[in-house]
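# Close look at the chain arrangement
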Amino acid sequence: MANEEDDPIIQEIDVYLAKSLSEKLYMFQYPIRPASMTYDDVTHLSAKIKPKQQKVELDMAIDTLNPNYCRSKGEQIALNVDGTCTDETSTYSSKLMDRQTFCSSQAASNVSRYAAAIYRKGELHLTPLHGILQLRPSFSYLDKADAKHREREAANEAGDSSQDEAEDDIKQITVRFSRPETEQARQRRVQSYEFLQKRQAEEHWVHLHYYGLRDSRSEHERQYLLSQGHGMAENTELIKSPSEYLMMLMPPNVEEEKDKPVAPSNVLSMAQLRTLPLADQIKILMKNVKVMPFANLMSLLGSGTDSTAVLRCIQQVALLVQGNWVVKSDVLYPKDTSSPHSGVPAEVLCRGRDFVMWKFTQDRWVVRKEVATVTKLCPEDVKDFLEHMSVARINKGWEFLLPYDEDFVKKHPDVVQRQNMLWMGIQAKLEKVYNLLKEHLTPKKQDGQSAHPLLVSGEQRVNMAKAKVKQNYGLLEKELQKQKAESKANDSPSKMDISNVRIKEEPVSDEEPMDASAYESMNNGMVNGIHSEENSMDSLNGHLPGGCTDRVAQELKAFVMTTFKKQFVLTLSELKRLFNLHLASLPPGHTLFSGISDKMLQDMVLDTGCKQILVPK
């Protein structure tokens, strides 16, 4: 009560609602023009409007006698736009830029809360606005000048070329028949900028007469801004409660449907996605991602989702390839659809894509040319298949997009077995359709290793290798004992005793001997970096000079240990090659140049803890 007493009512004003111009009243704004510089006194040459689009164009005269007007520039612009000829279609008939066009744009799409008011004799008259338009200068004359320039250039080029040259430019064209438009394609076309521009161009201009601010006709029209009758019958809309009256003056800001941005048909937020049933969620995710590990799918579905239910649903829309899930072909290519590239029906596309998926169950690499040869599809369709699930590698082919998911194969062997049976059925169908040859059915061997069976985990491979080793262990043990006995019988007591264990020596005749002997071409008294005497009785193959035995053994042992730390498995020939490279890197006079035999190198390998692996011939 105290606040009301401090703020007394000083005047009451009657408010009237005028509707005579409610469907025709527009407010014009000139945002690039200060309020002090109006266009009221400027000559308006023409005006036109498109009522449905609420688009207005005004042509206003330019004061060419103003000292700030550049006459030479105005003549140049008129010449560029209209050229030398003058006719009815000319933009500037006076050969001078003497007019300017203003084009409108909507300042607000919803103007239901805006009104124009006139206060007269203690009464406030309100008229609802039909639109609020902002007018800015239009530079369409520059587009016309560019078009004229291009026409002149085209005419000059056409004049320089002869008819014979024109006949040589005949090219073969490909005619394609358009397929029926789908509902999604129609929606995209309706929302496109080109379609909107075409629809706007279809509405015809309505030409208007412009009357100045002080014209008698303008004064007559302004009288319609006043309510024509002050009786209560014509103002029943204002007989409202205070809250209703305020609601009419200031309605809530509710966005219209047309103002909301329209998302593409294939875009769905995670919040919207999780409102759908689980099967639909998985189908939408797989259709968009195309290849996904099971762990990633569970993380997208949110916490608390039953993995068993997910496994049941995923098998309806995807197939297992290398432990990962790949969306089925019939999900991407539904029935009664066709290829956007070649027009091939969906059934043929599904068979071709199934062939690509099946190839990836056999190997990590697929060659695009092989797929095109078997499926007889166009290169664009084959490329789409491969891009769904693989990535191109230069000079290698297409590699599967994701690594082998061993964890899923371990945890769900029943699902893996079921998927293997499905792939066997798909393979049988593909064999009948494509008449697959043996090389298409057999996986390629890489790096000398046999290809692994379909969807075999790493642990299964290790177990298979262990079983094979145990099977051949007895035979290899007997062979090793026999070789040890023969080695002991052939060894002399004078040889260097580095290890009591003897290994099988590889045939020397089939391999290149170790290059540790003296170079015959060198006659400077040096043998492998060590001075030798003619009367020396020490052999360079198996015997070391006196006083150097320990040092040579240490150097040789260091080389062997360093080599086997880098490479765990080596043949004798490869080890000798590495030793020769090591000798070449040493300085002259090094102790290892004293002469190292193949036998000494073998013994040192065993002495360092290495084991010999016998490979049956």
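Residues numbered from 1 in each chain as written. Predicted model: local features only at pLDDT ≥ 70, side-chain atom pairs only at ≥ 80, totals over all residues. Heavy atoms only, no water.

## Remarks on the overall build of the chain
Within the chain, the secondary structure is distributed over 23 helices and 17 strands. Counting over 617 residues, the chain shows a buried share of 30%. Residue pairs in contact within the chain that sit at least 24 positions apart in sequence constitute 70% of those at least 6 positions apart. Taken as a whole, the chain presents about 42,400 Å² of accessible surface, with 53% of it coming from carbon and sulfur. (Helix = DSSP H or I, 4+ residues; strand = E, 2+ residues; numbered from the N terminus. Buried < 20%, exposed > 50% of the residue type's maximum accessible area, 1.4 Å probe, protein only. Contact = heavy atoms within 4.5 Å. Areas by Shrake-Rupley, 256 points an atom, 1.4 Å probe, with all protein chains shown as cover.)

## Quick look at a nonpolar patch on the surface
On the surface, a cluster of nonpolar side chains totalling about 300 Å² of accessible area is made up of Leu246, Leu249 and Met250. Locating leucine 249 in the fold gives a position in helix α8 (residues 242-249). (Patch = residues over 30% accessible without salt bridge, like charges linked within 9 Å, V, L, I, M, F, W, Y side chains within 5 Å. Salt bridge = Lys/Arg side-chain N within 4 Å of Asp/Glu carboxyl O.)

## Topic: the nonpolar core
In a soluble, globular protein the nonpolar side chains are often hidden away together inside. By size, the foremost hydrophobic cluster in this structure holds 54 residues, and its most contacted members are Ile282, Met286, Ile314 and Trp325. With eight residues, helix α14 (residues 346-362) is the largest single contributor of residues to this core. Grouped together as the second largest cluster of nonpolar side chains are 18 residues, Phe564, Leu583, Phe593 and Ile596 included. (Core = buried A, V, L, I, M, F, W, Y, C linked by side-chain atoms within 4.5 Å.)

## So, the packing of helix α5 (residues 183-191) against helix α6 (residues 193-202)
Between α5 and α6, the shortest axis-to-axis distance is 5 Å and the interhelical angle comes to 60°. The pairing of α5 with α6 is recorded here as oblique in orientation. Listed contacts from α6 to Arg189, Val190 and Gln191 of α5 are Tyr193, Phe195 and Leu196. (Axes fitted to C-alpha atoms, helices over the stretch in contact; angles between N-to-C directions. Parallel < 35°, antiparallel > 145°, perpendicular 65-115°, else oblique.)

## What about the sheet that holds strand β6 (residues 115-120)?
Strand order in the open sheet formed by three strands is β1-β7-β6, and the pairing between neighbours is mixed. In this open sheet, the two strands that pair with only one neighbour each are β1 (14-17) and β6. For this sheet, the mean inter-axis angle between neighbouring strands, taken without regard to orientation, is 25°. Sheet analysis places β6 next to strand β7 (residues 123-128), joined by six bridges and oriented antiparallel. Paired with isoleucine 118 across the bridge in β7 is histidine 125. (Pairing = 2+ DSSP bridges.)

## Digging into the confidence of the model for the chain
Confidence in the prediction of the chain, expressed as mean pLDDT, is 77, and 76% of residues score 70 or more. Contacts from residues 256-263, a stretch scored under 50 in pLDDT, to residues over four places away or in other chains number four contacts. Here residues 445-454 scores under 50 on pLDDT; set against residues more than four positions off or in separate chains, the count is 11 contacts. (pLDDT = per-residue confidence, 0-100.)

## What to know about the environment of valine 190
Following the sequence through the fold, valine 190 ends up in helix α5. Given a relative accessible area of 26%, valine 190 falls into the partly exposed group. Contact partners of valine 190, with chain neighbours within four places excluded, come to Phe195 and Leu196.

## Quick look at the packing of aromatic side chains
Scanning the entire structure with this criterion turns up 12 aromatic pairs. The interplanar angle of 35° and the centroid separation of 6.0 Å between the aromatic rings of phenylalanine 355 and tryptophan 358 together place this pair among those described as tilted. Of this pair, phenylalanine 355 and tryptophan 358 both sit in helix α14, separated by three residues, roughly a single helical turn. One aromatic cluster in this structure is built from Tyr30, Tyr39 and Phe102. Above the ring of tyrosine 39, the side-chain terminus of arginine 33 is found at 4.2 Å from the ring centroid. Taking the ring centre of tryptophan 205 as reference, the NZ or CZ of lysine 48 above it sits at 4.8 Å. (Phe/Tyr/Trp six-rings, centres within 6.5 Å; stacked < 30°, edge-to-face > 60°. Lys NZ or Arg CZ within 6 Å of the ring centre and 35° of its normal.)

## Details of helix α23 (residues 598-607)
When you tally the buried positions in α23, you get nine out of 10 residues, the bulk of the element. For α23, the set of buried residues is Asp598, Lys599, Met600, Leu601, Gln602, Asp603, Met604, Val605 and Leu606. One or two positions beyond α23, positive phi appears at glycine 609, with a value near 100°.

## Here's the deal with the sheet that holds strand β11 (residues 318-321)
Taken in spatial order, the three strands line up as β10-β12-β11 in an open sheet, and their pairing is antiparallel. What marks the edges here is a single partner per strand, and that holds for β10 (291-292) and β11. Pairing geometry for β10 and strand β12 (residues 324-327), over two bridges, is antiparallel. Residue pairing in the sheet places valine 291 in a bridge with valine 326 of β12. Where helix α18 (residues 413-434) meets the sheet, it contacts β11 and β12, and its direction lies at approximately 100° from that of β11.

## Some remarks on the packing of helix α11 (residues 294-301) against helix α12 (residues 307-317)
Between α11 and α12, whose axes approach to 11 Å, the crossing angle comes to 115°. The angle between the axes of α11 and α12 places the two elements in the roughly perpendicular class. Seen from above, α11 lies across α12 with right-handed handedness. Each of Phe294, Leu297, Met298 and Leu301 in α11 lies in contact with α12, whose residues at this interface are Ser307, Val310, Leu311 and Ile314. (Left-handed = near helix turned anticlockwise from the far one by under 90°.)

## What about unusual backbone geometry?
Its identity as a non-glycine residue notwithstanding, lysine 290 has a phi of 80°, on the positive side. Relative to the elements of secondary structure, lysine 290 occurs in the loop between α10 (278-289) and β10. Residues other than glycine seldom take positive phi values, yet asparagine 395 does so here, at roughly 60°. As for its position among the elements, asparagine 395 is in the loop between β14 (390-393) and β15 (397-400). Assessed through its relative accessible area of 81%, asparagine 395 is described here as exposed.

## Remarks on the pattern of salt bridges
Where charged atoms from two side chains of opposite charge approach closely, those side chains can pair. For the structure shown, the criterion picks out 14 salt bridges. Put simply, arginine 364 and glutamate 399 hold a salt bridge, and the shortest N to O gap is 3.6 Å. Here arginine 364 is found in the loop between α14 and β13 (365-366), whereas its partner glutamate 399 is found in strand β15, with 35 residues between them in sequence. With a shortest N-O distance of 3.1 Å, glutamate 399 and arginine 393 are connected by a salt bridge.

## Regarding α12
Along α12, the positions that sit buried rather than exposed are Ala309, Val310, Leu311, Cys313, Ile314, Gln315 and Val317. One side-chain oxygen at the N-terminal end of α12 lies 3.3 Å from the backbone nitrogen of threonine 308; it belongs to aspartate 306. (Polar contact = N/O pair within 3.5 Å; in protein donor to acceptor, adjacent residues only side chain to side chain.)

## Quick look at the side chain of glutamine 54
Mapped onto the elements of the fold, glutamine 54 is located in the loop between β3 (44-50) and β4 (55-61). Note on glutamine 54: relative accessible area 15%, which makes it buried. Within the structure, the side chain of glutamine 54 is placed 3.2 Å from the backbone oxygen of histidine 130, a separation counted as a polar contact.

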